[in-house]
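Letter by letter, the chains look like this.
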Amino acid sequence: MNTVALQSEKALNIVLVEDDDGDAKALRRAFKKAKIANPITRFKDGVEALAFLRGNLETTPPKTFVVLCDINMPRMNGLELLGKIREDPQLRKTLIFMLTTSDDERDIEMAYLNNVAGYIVKARAGHMFLNLMTTLDNYWRVVEIPEI
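Small disclaimer: the values here were computed from a predicted structure and weren't measured.

A.B. asks: So what's going on with the sheet that holds strand β5 (residues 118–121)? Residues and values would help.
C.D. replies: Strand pairs in the sheet, formed through backbone hydrogen bonds, run parallel or antiparallel to each other. Ordered in space as β2-β1-β3-β4-β5, the five strands form an open sheet in which the pairing is parallel. A single partner strand is all that each edge strand has here, and the edge strands are β2 (40–43) and β5. Between one strand axis and the next, the sheet turns by 20 degrees as a mean value, whatever way the strands run. Of the pairings in the sheet, the one linking strand β3 (residues 65–69) to strand β4 (residues 95–100) comprises four bridges and is parallel in character. Its bridge partner being in β4, Val-66 is matched across the sheet by Leu-95. Across the sheet, helix α5 (residues 105–113) touches β4 and β5, and the angle it forms with β5 is around 155 degrees. Of the strands in this sheet, β1 (13–17), β3, β4 and β5 are in contact with helix α7 (residues 129–142), which crosses β4 at around 175 degrees.

Rules used in this analysis
Residues numbered from 1 in each chain as written. Predicted model: local features only at pLDDT ≥ 70, side-chain atom pairs only at ≥ 80, totals over all residues. Heavy atoms only, no water. Pairing = 2+ DSSP bridges. Helix = DSSP H or I, 4+ residues; strand = E, 2+ residues; numbered from the N terminus. Axes fitted to C-alpha atoms, helices over the stretch in contact; angles between N-to-C directions. Contact = heavy atoms within 4.5 Å.

Here it is in structure tokens:
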């Protein structure tokens, strides 16, 4: 069996780092409408997400996952989380998409300097949000996701 077939048989976990309950619900609805059944684990800020990814919570992090991360959050924002992940030898290969309201050029530049897989402005996705989720699902099915 080839690696792509093996990858598609594994459940790719989604780590959602989003403080806004409405946005988190909208994301889950979009995944459901697009018939994407990947497990989603949500954290409301970077502190919680980083503790989870480092294995410091009761729940063990999955071996294969992608992170969908907002930027504007309390305690540790998405760019700070991104920086901490890139500094961590165990986590630095993590595939991260920024999914945020910020269209600030400095945020976009900082995200790409820290090797995000994509930077998505929520307002621009708008009515295309369902298509965006389908596109992400297709992307995850064909790329090789490193085990962390």
